[in-house]
Amino acid sequence: MSFEIPDDRQYQESHEWAEETDGVVRVGITDFAQDELGDVVFVELPDEGDAVTQDEEFGVIESIKAVSDLYAPVSGEVVAINEALFDAPELVNDDPFGEGWMLEIDADDADELDALLSADEYEDQIA
Amino acid sequence: MPLQTPPLRGIHDDRGAKFTEFGGWDMPVEFDSIRTEHEAVRTDTGKFDVSHMGQIHVTGPDATTLMQRLTSNDVTRLDVGDSQYATITNEDGVIIDDTVVYRLPDGDGDRSDGSGDPTYLFVPNAGTDEATHERWISYRNDFDLEATVDNRTDEYAMFAVQGPSAPDLVEEATDESITDLSRFEAQYATIDGVDCWTARTGYTGEDGFELIVPWTEAERIWSLFDCQPCGLGARDTLRIEAGLLLAGQDFDHEDDPRNPYEAGIGFTVALDTEFVGRDALAAVDEEGVDEKLVGFQLIDRGVPRHGYDITTTESRVIGSVTSGTMSPSLEKPIGLGYVPVEYADPGTTLQVVVRGQSKKARVEPLPFIDTV
């Protein structure tokens, strides 16, 4: 099975994506990750204003069959969360790179993104 | 130890199934999505490969006595073609396993319904067939009974075709009519020239049939049923909604010993028969239980999972979740767990600790969903 891996963003080994715009990083999970999890039924996210740290947990995603931690791709302050996921967690399955986004982080240091994988590198990881 | 594989492992793989280890078997957990598969069974039909379930065949002049001594229900109530849900208990009345016991045609268990010895087939849970077989042999020898006990798990596949449309689908496939069978009745029926034990049983809460099929014919028979293939993931959400127990999770004779009364399946205990564990269970029946299995719904957001603490509203731990999920039918988080009887009445408010946070829960009557 082939999975969508847009090349306009970067990836973590733990299957989150990060898309940076003017120092604000939007975060979600990949198409591969949502397929592995199956039907997403619950997403637990931090509050706006909370601080997150690169490579540390920022939340939890649950499918019918599994519970997984979510890891921050950069350190910074949470400036937005996708509240639509509380009522419609299935958006993560339906549109993981779009409507299924999870939060936006005002990055302390956008250079942290350099440590992430490119689309090609991530594709190799899940191959 | 390598995993045992069901006869259709390759077919399932080609169909895009994801697999999981279950009871030592490599079984499909999901084909398309648990929600899709679950809904197919609730509204139409789904088929499950449950070939990991054990199949033990018992016959001989003392077959009835042996079955009576090792299962909690009363096998003498079974006419040919009947089946019953039962437990296998130890001397303390603790559930070792749950099982369905079928009375096959007397004799050699094939289609001849001649005047041979009583013959039974029972279905222990995945991974327990060898231990169960040894248990039967051991008791047979100790009691000096004349009975043959064969573990036929590797000889037969088992499929569950479940859902409101399942009887019609099975009826179309069989030469003989099977829709007159009542719940828990069974007969041999010919499907594409193959003798299959066709039982109106299942573990989803829906109407349907379980088919016990020769291993070598499994692929052909499976392919005859044109409906949604379902994995163990959907089987789990369906059986929780139906308030049905999962061995090793809702009872575990080593980690969480429970008797049938605590587990809410006291109806499987026939105290007027002699079986291993009978005296202990008679005492429990007399004295009552301190704890019992309840169903609950989480009122706050979250999903209950096996092992999470159940507490009072004052945060005193009184039990733990044995099974939990987000119910696809109810779209609500539901679970099962043992609590002291004073907290077991429907409507009682409890808490479930989800990753360190107390979530409000309410005891609900079982099953969560009324089906057949």
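- Chain B is annotated in an unreviewed UniProt entry as Probable aminomethyltransferase from Halosolutus amylolyticus.
- Its UniProt record, at the heading Function (unreviewed entry), says of chain B: "The glycine cleavage system catalyzes the degradation of glycine."
- Here is the UniProt Sequence similarities (unreviewed entry) comment for chain B, exactly as written: "Belongs to the GcvT family."

- By the naming in an unreviewed UniProt entry, chain A is Probable glycine cleavage system H protein, taken from Halosolutus amylolyticus.
- Recorded under Function (unreviewed entry), the UniProt text for chain A is reproduced unchanged: "The glycine cleavage system catalyzes the degradation of glycine. The H protein shuttles the methylamine group of glycine from the P protein to the T protein."
- As its UniProt record puts it under Sequence similarities (unreviewed entry), chain A is described as follows: "Belongs to the GcvH family."

What about the sheet that holds strand S6 (residues 57-63) of chain A?
Residue and element names in this part refer to chain A.
Link 1 in the chain: Taken together, three strands build an open sheet; the order of strands is S4-S6-S7 and the sheet is antiparallel. One side of each edge strand has no neighbouring strand; the edge strands of this open sheet are strand S4 (40-44) and strand S7 (67-71). Here the strands of the sheet are splayed against their neighbours by 25 degrees on average, with no regard to which way each runs.
Link 2 in the chain: Inspection of the sheet shows S4 paired to S6 by four bridges, in the antiparallel sense. For Glu44, the partnering residue across the bridge sits in S6 and is Val60.

Regarding the packing of aromatic side chains
Residue and element names in this part refer to chain A.
Link 1 in the chain: In this structure the tally under the stated criterion is eleven aromatic pairs over all chains.
Link 2 in the chain: Judged by centre distance (6.1 Å) and plane angle (40 degrees), the rings of Trp17 and Phe97 are tilted. Residue Trp17 is located in strand S2 (residues 16-21), and its partner Phe97 is located in the loop between helix H3 (91-94) and strand S9 (103-107); the two are separated by 80 residues in the primary sequence.
Link 3 in the chain: By relative accessible area, Trp17 is classed as buried at 0%.
Link 4 in the chain: Taking the relative accessible area as the measure of exposure, Phe97 reaches 9% and is therefore buried.

A look at the nonpolar core
Link 1 in the chain: Counting 39 residues, the largest nonpolar core has Phe48(B), Tyr102(B), Trp197(B) and Leu245(B) as the members making the most contacts within it.
Link 2 in the chain: A per-element tally of this core places strand S6 (residues 95-104) of chain B first, with four residues.
Link 3 in the chain: With residues up to four places along the chain from it excluded, the contact list for Trp197(B) reads Gly81(B), Tyr102(B), Arg103(B), Leu104(B), Pro105(B), Leu121(B), Ala186(B), Gln187(B), Tyr188(B), Glu210(B), Leu211(B) and Ile212(B).
Link 4 in the chain: Counting 25 residues, the second largest nonpolar core, distinct from the first, contains Val25(A), Ala33(A), Val92(A) and Met102(A).

Section: a negative patch on the surface
Residue and element names in this part refer to chain A.
Link 1 in the chain: On the surface, Asp47, Glu48, Asp50, Glu77, Glu83, Asp106, Asp108, Asp109, Asp111 and Asp114 cluster together into a negatively charged patch.
Link 2 in the chain: Mapped onto the elements, Asp106 comes out in strand S9.
Link 3 in the chain: A residue is classified by how much of its surface remains accessible, and Asp106, at 36% relative accessible area, is partly exposed.

Notes on the interface of chain A and chain B
Link 1 in the chain: Counting residues at the interface gives 17 residues for chain A and 15 residues for chain B.
Link 2 in the chain: For the chain A and chain B pair, buried surface summed over both sides reaches about 1,400 Å², with 46% attributable to carbon and sulfur atoms.
Link 3 in the chain: Counting across the interface, chain A meets chain B through five salt bridges.
Link 4 in the chain: Across the contact surface, chain A and chain B share twelve residue pairs in polar contact (both at pLDDT 80 or more).
Link 5 in the chain: Of all the secondary structure elements, the ones that give two or more residues to the side of chain A that touches chain B are helix H1 (31-37), S4 and S6 of chain A.
Link 6 in the chain: Across the side of chain A that touches chain B, the residue classes tally to nine nonpolar, two polar and six charged.

Structural notes on the UniProt feature "modified residue: N6-lipoyllysine" (unreviewed entry) in chain A
Link 1 in the chain: The positions that UniProt labels "modified residue: N6-lipoyllysine" (unreviewed entry) are, in the present scheme, Lys65(A).
Link 2 in the chain: Mapped onto the fold, Lys65(A) is located in the loop between S6 and S7.
Link 3 in the chain: Not counting the four nearest positions on each side in its chain, Lys65(A) is found in contact with Glu36(A), Leu37(A), Gly38(A), Lys18(B), Glu30(B), Ile34(B) and Arg305(B).
Link 4 in the chain: For Lys65(A), the side chain forms a polar contact with the main-chain oxygen of Glu36(A), separated by 3.4 Å.

Observations regarding the UniProt feature "binding site: substrate" (unreviewed entry) in chain B
All names here are of chain B.
Link 1 in the chain: The UniProt entry lists Glu210 under the feature "binding site: substrate" (unreviewed entry), expressed in the numbering used here.
Link 2 in the chain: The residue Glu210 is located in strand S12 (residues 208-214) in this model.
Link 3 in the chain: Setting aside residues up to four positions removed in sequence, Glu210 forms contacts with Tyr102, Met158, Phe159, Ala160, Gln162, Trp197, Thr198, Ala199, Thr201, Gly202 and Arg235.
Link 4 in the chain: Here the side chain of Glu210 touches Tyr102 through a polar contact of 3.4 Å, side chain to side chain.

Structural notes on the UniProt feature "domain: Lipoyl-binding" (unreviewed entry) in chain A
Link 1 in the chain: Per the UniProt record, "domain: Lipoyl-binding" (unreviewed entry) is found at residues 24-106 of chain A.
Link 2 in the chain: In residues 24-106 of chain A, helix accounts for 18% and strand for 42%; the two terminal C-alpha atoms are 5 Å from one another.

Some points on the pairing of strand S10 (residues 186-191) of chain B
Residues and elements named next belong to chain B.
Link 1 in the chain: Within S10, five of the six residues are buried, leaving the element largely enclosed by the surrounding structure.
Link 2 in the chain: Where S10 lies against strand S11 (residues 194-199), six bridges are found, and the strand directions are antiparallel. Considered in S11, the bridge of Ala186 is made with Ala199.
Link 3 in the chain: The hairpin turn running from S10 into S11, its antiparallel successor, is two residues long, and Asp192 in that turn takes a positive phi close to 50 degrees.

A look at the pairing of S7(A)
Residue and element names in this part refer to chain A.
Link 1 in the chain: Sheet topology places S6 next to S7; five bridges connect them, and they run antiparallel. From the neighbouring strand, Glu62 faces S7, where its bridge partner is Val67.
Link 2 in the chain: The hairpin turn running from S6 into S7, its antiparallel successor, is three residues long.

Considering the pattern of salt bridges
Link 1 in the chain: This model, assessed by the stated rule, comprises 27 salt bridges over all chains.
Link 2 in the chain: One continuous salt-bridge network, built from bridges that share partners, spans Glu44(A), Glu62(A), Arg305(B) and Arg355(B).

Regarding helix H2 (residues 34-43) of chain B
Link 1 in the chain: The complete set of buried residues in H2(B) reads Ile34(B), Glu37(B), His38(B), Ala40(B), Val41(B) and Arg42(B).
Link 2 in the chain: Looking at the packing, one finds that the buried side of H2(B) touches strand S2 (25-30), strand S3 (46-49), strand S9 (156-162), strand S13 (228-230) and helix H7 (232-241) of chain B.

Criteria and thresholds
Residues numbered from 1 in each chain as written. Chains lettered and ligands numbered in written order. Predicted model: local features only at pLDDT ≥ 70, side-chain atom pairs only at ≥ 80, totals over all residues. Heavy atoms only, no water. UniProt positions renumbered as here; feature names shortened; annotations may be inferred. Pairing = 2+ DSSP bridges. Helix = DSSP H or I, 4+ residues; strand = E, 2+ residues; numbered from the N terminus. Axes fitted to C-alpha atoms, helices over the stretch in contact; angles between N-to-C directions. Phe/Tyr/Trp six-rings, centres within 6.5 Å; stacked < 30°, edge-to-face > 60°. Buried < 20%, exposed > 50% of the residue type's maximum accessible area, 1.4 Å probe, protein only. Core = buried A, V, L, I, M, F, W, Y, C linked by side-chain atoms within 4.5 Å. Contact = heavy atoms within 4.5 Å. Patch = residues over 30% accessible without salt bridge, like charges linked within 9 Å, V, L, I, M, F, W, Y side chains within 5 Å. Areas by Shrake-Rupley, 256 points an atom, 1.4 Å probe, with all protein chains shown as cover. Salt bridge = Lys/Arg side-chain N within 4 Å of Asp/Glu carboxyl O. Lys, Arg positive; Asp, Glu negative; His and termini not counted. Charge placed at Lys NZ, Arg CZ, Asp CG, Glu CD. Buried area = accessible area lost by both parts, 1.4 Å probe. Polar contact = N/O pair within 3.5 Å; in protein donor to acceptor, adjacent residues only side chain to side chain. Nonpolar A, V, L, I, M, F, W, Y, C, P; charged D, E, K, R; others polar.

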